[in-house]
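Each chain, written out:
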Amino acid sequence: MFYEKNKQLFKKVFPKLIRGLDLYKEDKVFQKYYLINTKQGVPSLQFDDNSKLCLLHSKYDPYKEVATIIKKHENAIKEKEHIIFMGIGLGYHIEILNEMYPNKTFTIYEPNPYIFIKFLESRDLSKFPISKIKYLYILNEDITSKQFLQFFANKQKGDFHLFILPTYERYFKNETEQFMKEYLLALKLTKTNVSTQRLFGKRWILNSLMNFPTTLTTPNLIFEKKEYFKGKPLIIASAGPSLYEDIEHLKEIKEKGLAYIFAVGSANKALLKNGVVPDAIVTYDPQPHNYMVFNELIESGRTDIPMIYGTSVGFETLEQYQGPKLHIITSNDTISNYYFDKTVNIDVFDSYTVALIALQIAIKVEAHPIILAGQNLAFKNNRYYSNGVSHSEWNGELREENELIDVIQTIDVYGNLIETNESLNNMKVSIEQFINQINDVKIYNTTKGGAAIKGVPFVPIEDLFSENSTSSVVDLNWHKLEKKFDFSVALKKTKKMERSIKQVYTSYQKCLKILTKLNENKRSMKVNFINRTFKELDEELDKLFLSDFYQVFLKTILSNEFEILNKKIQKIYLIKDQINKINEIFNVFTNFLDILKSTFEEMNVYVQKVLHRTLYDQYEDRWKTYNHDDGCFHYIGDWMNKDKEFADLSYDLENKRKIVKRICKYTSSVENKILFKFQGTGLRILGSVNSESASKIKISIDENVKYFTTKKNEISNLLDANIQQTVFEIKGLEDKIHQVKIEITKNELFFFEGIQINSNGRVYHIDEVTNLNELEIGKRIRCNYKANYNKLGEFSNLGLETNLFLSNIPVSNPDGDFYLIVVDRDRTGHKLIADRVIQNYISYDILSKNQVDKGRIIKIDNREILLRLLEGKFNSESIDEWSKYILNSEKNAINCEWGSIGLVASWIRKMEESTHTITIRGHFYHFKNYGEDSTFEYNIPSNYVYHFVGFRPVCII
C-alpha cells in the first residue's frame, strides 16, 4: 500500500540505493519480517530469529518508547549539528528528534535491507524528514560499510552524535559490534586525516610554489602540444602484472611509431627494463618520496624522456629528474594561475590514481583511441606489479602485511572472479565514475586478466594493432621547447602579493585588537557598541580572508579549520546571553587566528625566500643575491641562526618529517659586527623587519659611515618579522673592492638575511684568497662543483666565481660554488675541508666505488689534488676530523663558521671493513630515530641515498 509511494519519495534523493531493494523482497529471509499493530494504532516490527520472536519497537506505544531513549542522548545532541543513526527501525526516533531539533541534519546507517523495506511499507512517509538526510547507507555491493563510514567521518570531521537503537544492540549484536569497530577506526583515521589533510594541503601548496619557476619555463602540454596528439592513438601504460604480457607488442608499436606511449607510476621501470622507451612519463603524487618511482631512470642519467608533471607533484621529483619537462595545472594548484594572471584554468582534477590523471590528459589532447595497458586494478599470478618493477627490496609480489590486507573480489575482463583490495578497487571506481561522465571518446582496455572497467571494452592489444600496421603517427620532437617566456606578468603579480603580505600583518593585528577590546569590555559595553564592534571584526576578517595571500596560499591548507570555524559561528549567534556570546567569539576566533598565524609564518618563508627571491634573481638582472649563510660573511660576536621548522609528510604518513629552512642570522647585542668585501658599484642589505626590530644599524663602506633601520611600525610584532626586505641601498660607488662593516649600536634585534650587489660584481670573505699560493691556515678559496643524482661530480675553477653559492640545504644535482677552508698543514700539503655538505642523495657506496672514502687523486684546473672524506678515529694514528676541525674550529685558529651544521649530516670515512653500515656525523634533528637536537654519531646502511646525509669533501693540496 505505502511501499511504492514511499520508495519514490526516497528515490528522488537516493536513486542508486533504492534501485536494488525489490530484489530483497524475493528472499525467503524477508518473509520472517512482518508489521504488527500496536495499541496506539501505529505499526511495530516483529521478526523471527532462530524461532525466537523479536520485537524492534514497543507493541504498546513506539513513540513514547523512543522519547524515553532520546532523553538519554539529549545533552550530547544539543552540542552537535548532525546525528548518525545506526538502525532506522521504523523511523519513530528520527521523527521525534526532528520535531525537537528542526535544524539538525541526519545520516542513516541501516545494515539490514529487510528492515528498511518494512520501514517503507509501515506508513505514509510524505512528512518524514527526508530532506534532512545528508547520507543514507543500506547494505549494498557498490560500497562497503567500512568505506561508507570512512567517507562519512571524513566529511563530518567529528561534528556529529552517534545514536544506536537499543534493540539493534540486542538483536543484531554482531552487526553492531562490526559497525562500532569500523566506526571507531573511521574516527581514528579522520583525526589522523584532519592532521594529514593539513599536511597534504601544505604539501600541495608548497609543491606548486617550489615548482613554479619550472612551470613558468616549461610548455603546458594540453594547450601547447595538443596538435601532436589530436586524433592519434595514445597508450596509457600502467604497472599492473599484465603489462608484461603486452611488452612485445608495445615494443613493436614503439619501433613502428604506431601510437604514443605514456608510462604512469612504476610502469617506466618495466618498460625500460624490457627495451621500451616511453614517449613520456606522467607523474603527479605530491609526496616527497614520489621521485623514487623514477629512481632507476634518474640514476641512469638519461635525459631523453619527457616528464609530464602535475604542478603540485612532489618538488623533489623535479629537482632529481634532469630531462625535459612539460606541465599540467592540477586542481590543487592555486599558485600557477595566480602568477600566470589567468582566470581559473584547471587542466586536470586531482585523482585517486595517476592513471586517471593520464586519462584526463589523453581526453584533453583529443587522442583517439585511448588505450589502457597494464591497468589490472587487481592481483594476478600472486603479483601486484608487473615483472621488471621493483622498489628497493620488493619485487612486486603480494605481501600479507601490505597488499593482502582488506582483500575483496571483483570481476575480470573475462567474467571471472578475481581478488583485489580496497585501494585498487577505489581506483577502479574512480576511473569508472569519470568515464561515466564523458561522451564520444573511444577507450579500450587491453589488460589481459585485469579487472573489468565499466564503460571500457576489453580488446587484446594485438587486435587493435595488426601486424601489417606501418603508418607512424609519432613525432619524436613533440616535446621540444618552442617559445620564449614573458616573465613580466609573474614579476607584476609578485609585487602585488608582497602588498598582500603587508595587508595580512595589518589585518591580523587589527583582528586581535578588536577581539581583546570585546573581551575586556564585555560587561560594560552597550548593545549598539557591541554590534558595531562585531561588524568591525567581520569587515577586518573579510579583508584577511579575501587577501591574495590567504586565497592563494592559506585557503587550501586551512579549509578544514575554516569549515569548523563557520559551523561554530552559526552556533554562537544563537546564544542569547551577550557575555557568553562574546566569550565564545573570543575563544573561537583566537584559536583560529593562532592556527592561521603559524601557517602564515611557515608559508611566508617559502613565498618570499624561495618563490619571490628566485623570480627576482632569475628575471631581474640588475642585482645578484648572497645569502646570510653563503659563507662569504664574517660574523663577530654572538650571532644565532633563525630557523623555521616545517612538519612534512613522511613515508608512512604517521611520523612527521621535519624540513628546516634557515631564514637569517640575528643578534641583539651591541657592538656585534658583520665584515665582508665586495667589488661593485651598488649594495643592498636584506633583512627582516617589524615594529620592534633594530632602529639604528651602523654601516661603514670603506671610510663612509651611514645608518639604517629595520624598525617598521606598520609591521606587527605579533607575527614573525617580515622577511626579504631591502633595509639599506646605495648606488653609484666606484667599481673597486670595498671593505664593509655592519655594527649593532643598540641592544635591539637585528635580522640579517644577506646582501645584493650589482650583477657583474663579486663578494669576498675577509679571509678569502684567489690563488693557491696564498693559502695558509684559516684562509679559504672558492671552488665550483657540479654533479648528478648519486654520482660523483666535477670540481673546477679554484679561486673564481663560477656560479651562485651552493645552498647549505644541499641538493642531488648541485651546480654552484663553495669554499675550501685550510684547517691544517703537514708534510703532504695544506688540508682543506669543504665549508658545507656539497651534495646529498649520494651513497657511501658510490663514494667508495670512486675511491673517495680513502683518497683519490683528481685534477682541478690541471692541479693534482687528493680528494677524500672526513676521517673518524678508527686507530691510534688517526684523528677524528669532524670533532677537531668542525666542532672545535676556534681552538684550531680556523676563523670560520661551518655551513650545513644543523641541516644535514656528513658521511665519515668507513671505520671497519666488515660492516655494511657507515658512520654519519651531524648536529641536527631529523626523524625521531636519528638522534636528538645535538651533535650525534649514527650508523646507517652504506647504500643509503637520501636528503639528510651527504658528501663533504676533504682536499690535500
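Throughout, a residue's number is its position along its own chain's written sequence, starting from 1. Local features in this predicted model are restricted to residues of pLDDT 70 or higher, and side-chain atom pairs are both shown and tallied only at a pLDDT of 80 or more, whereas totals for entire chains, interfaces and linings draw on every residue. To get the side-chain values, all heavy atoms of the structure are used, and hydrogens and water are removed first.

### Section: the overall build of the protein
Phase 1: Helix and strand definitions follow DSSP, with helices as H or I runs of at least four residues and strands as E runs of at least two, each counted in order from the N terminus. Of regular secondary structure, the protein possesses 27 helices and 41 strands.
Phase 2: In this description the radius of gyration comes from C-alpha coordinates, and the expected globular size is given by 2.2 Å times residues to the power 0.38. Taken over the C-alpha trace, the protein has a radius of gyration of 33 Å; the compact-globule value for 957 residues is 30 Å, and the two agree within 12%.
Phase 3: Viewed in the frame of its principal axes, the protein has a C-alpha envelope of about 105 × 90 × 60 Å.
Phase 4: Three labels apply to residues, based on accessible area from a 1.4 Å probe with only protein chains included: buried if under 20% of the type maximum, exposed if over 50%, partly exposed otherwise in between. The burial tally for the protein puts 56% of its 957 residues in the buried class.
Phase 5: Within the protein, residue pairs in contact and separated by at least 24 positions form 71% of the contacts whose partners lie at least 6 positions apart. Residue contacts are defined here by distance: any two heavy atoms, one from each residue, within 4.5 Å place the two residues in contact.

### Examining the confidence of the model for the protein
Phase 1: Per residue, pLDDT measures the predictor's confidence, with a range of 0 to 100. With 93% of its residues at a pLDDT of 70 or more, the protein has an overall mean of 88.
Phase 2: The secondary-structure element of the protein with the lowest mean pLDDT is strand β38 (residues 917–924), recorded at 65, while strand β28 (residues 762–764) shows the highest, at 98.
Phase 3: Segment residues 924–934 is flagged for pLDDT under 50; beyond a separation of four residues in sequence, or across chains, it makes 30 contacts in the model.

### A few points about the nonpolar core
Phase 1: Residues belong to one nonpolar core when they are buried, are Ala, Val, Leu, Ile, Met, Phe, Trp, Tyr or Cys, and are joined through side-chain atoms within 4.5 Å. Residues Ile235, Phe795 and Phe951 are the most contacted members of the largest nonpolar core, which totals 119 residues.
Phase 2: Considering each element in turn, this core owes the most residues, eight residues, to helix α18 (residues 354–364).
Phase 3: Met497, Tyr508, Phe553 and Ile757 belong to the second largest nonpolar core, which has 108 residues in total.

### Here we look at the pattern of salt bridges
Phase 1: Put simply, a salt bridge is a Lys or Arg side-chain nitrogen that is within 4 Å of an Asp or Glu carboxyl oxygen. The final tally for this structure, using the stated rule, is 44 salt bridges.
Phase 2: The partner of Arg782 in a salt bridge is Glu801, with the nearest N and O atoms 3.2 Å apart. You can see Arg782 sitting in strand β30 (residues 780–786) and its partner Glu801 sitting in the loop between β31 (794–796) and β32 (815–826), a full 19 residues away along the chain.
Phase 3: Its relative accessible area of 25% is what places Glu801 among the partly exposed residues.

### Points about the sheet that holds strand β5 (residues 105–110)
Phase 1: Spatially, β6-β5-β4-β7 is the arrangement adopted by the four strands of the open sheet, whose pairing is parallel. Two strands bound the open sheet, and with one partner strand each, they are β6 (133–138) and β7 (161–164). Geometrically, the sheet is characterised by an average inter-axis angle of 15° between neighbouring strands, direction not taken into account.
Phase 2: For two strands to count as paired, DSSP must find a minimum of two bridges between them. Pairing between β5 and β6: five bridges, direction parallel. By the bridge assignment, Tyr109 is partnered in β6 with Tyr137.
Phase 3: Axis definition: a line fit to C-alpha positions, over the contact stretch in the case of helices; interaxial angles, taken between N-to-C directions, run 0 to 180 degrees. Of the strands in this sheet, β4 (82–86), β5 and β7 are in contact with helix α6 (residues 92–100), which crosses β4 at around 165°.

### Quick notes on the side chain of Glu743
Phase 1: Turning to its location among the elements, Glu743 is positioned in strand β26 (residues 736–744).
Phase 2: By relative accessible area, which is 14% here, Glu743 ends up buried.
Phase 3: Not counting residues up to four positions away in its chain, the partners in contact with Glu743 are Asn672, Lys673, Ile697, Lys698 and Ser700.

### Focus on a positive patch on the surface
Phase 1: Taken together, the side chains of Lys11, Lys16, Arg19 and Lys454 define a basic patch exposed on the protein surface.
Phase 2: Using a relative accessible area of 59% as the deciding quantity, one classes Lys454 as exposed. Exposure above 30% relative accessible area and the lack of any salt bridge qualify a residue for a patch; like charges then connect within 9 Å, and the nonpolar side chains Val, Leu, Ile, Met, Phe, Trp and Tyr within 5 Å. Computed by Shrake-Rupley with a 1.4 Å probe, the accessible areas treat only the displayed protein chains as cover when residues are assessed. For the purpose of counting charges, residues Lys and Arg are taken to be positive, whereas Asp and Glu are taken to be negative. His and the chain ends are not included. Every charge is mapped to an atom, namely NZ of Lys, CZ of Arg, CG of Asp or CD of Glu.

### Here we look at the packing of α18 against helix α19 (residues 422–435)
Phase 1: Close contact between α18 and α19 brings their axes to 10 Å; oriented N to C, the two are set at 20°. As judged from the angle between their axes, α18 and α19 are roughly parallel. Along this stretch, α18 crosses α19, giving a crossing that reads as right-handed. For the pair α18 and α19, contact is made by Leu356, Leu359, Gln360 and Ile363 and by Ser430, Ile431, Phe434 and Ile435, respectively.
Phase 2: Looking at the contact of α18 with α19, its residues break down into six nonpolar, two polar and no charged. When describing relative orientation, an angle under 35 degrees is termed roughly parallel and one over 145 degrees roughly antiparallel, while 65 to 115 degrees is termed roughly perpendicular and anything else oblique. In this scheme the handedness of a crossing depends on how the near helix is turned from the far one: anticlockwise by less than a right angle means left-handed, clockwise means right-handed. For this classification, the nonpolar set comprises Ala, Val, Leu, Ile, Met, Phe, Trp, Tyr, Cys and Pro, the charged set comprises Asp, Glu, Lys and Arg, and every other residue, Gly included, is treated as polar.

### Things to note about helix α25 (residues 578–619)
Phase 1: Bend, in this description, refers to the angle at a residue between axes fitted to the seven residues ending there and the seven starting there. Along α25, the helix axis deviates most sharply at Arg613, where the bend reaches about 30°.
Phase 2: Any pair of N or O atoms that falls within 3.5 Å is considered a polar contact. Within protein, one atom must be able to donate a hydrogen and the other to accept it, and sequence-neighbouring residues count only if both atoms are side-chain atoms. If you check the start of α25, you find a side-chain oxygen 3.3 Å away from the backbone N of Ile579, and it comes from Asp577.

### Details of helix α7 (residues 113–122)
Phase 1: Counted residue by residue, α7 has 10 buried out of 10 residues, so it is predominantly covered.
Phase 2: Buried residues of α7: Pro113, Tyr114, Ile115, Phe116, Ile117, Lys118, Phe119, Leu120, Glu121 and Ser122, and no others.
Phase 3: With a side-chain oxygen positioned 2.9 Å from the backbone nitrogen of Tyr114, the residue opening α7 is Asn112.

### A short note on the pairing of strand β21 (residues 673–680)
On a regular strand, each side chain points to the face opposite its neighbour's, so the side chains alternate between the two faces of the sheet.
Phase 1: For β21, the buried fraction is high: six of the eight residues fall into the buried class.
Phase 2: As defined by bridge partners, strand β18 (residues 634–636) adjoins β21 across three bridges and the pair is classed as antiparallel. Paired with Ile636 across the bridge in β21 is Lys673.
Phase 3: Note: β21 against β26, eight bridges, orientation antiparallel. When the bridges of β26 are listed, Phe678 appears paired with His738.
Phase 4: Here β21 runs beside β28; their pairing, made up of three bridges, is antiparallel. Each bridged residue has a counterpart across the sheet, and for Lys677 the counterpart in β28 is Tyr764.

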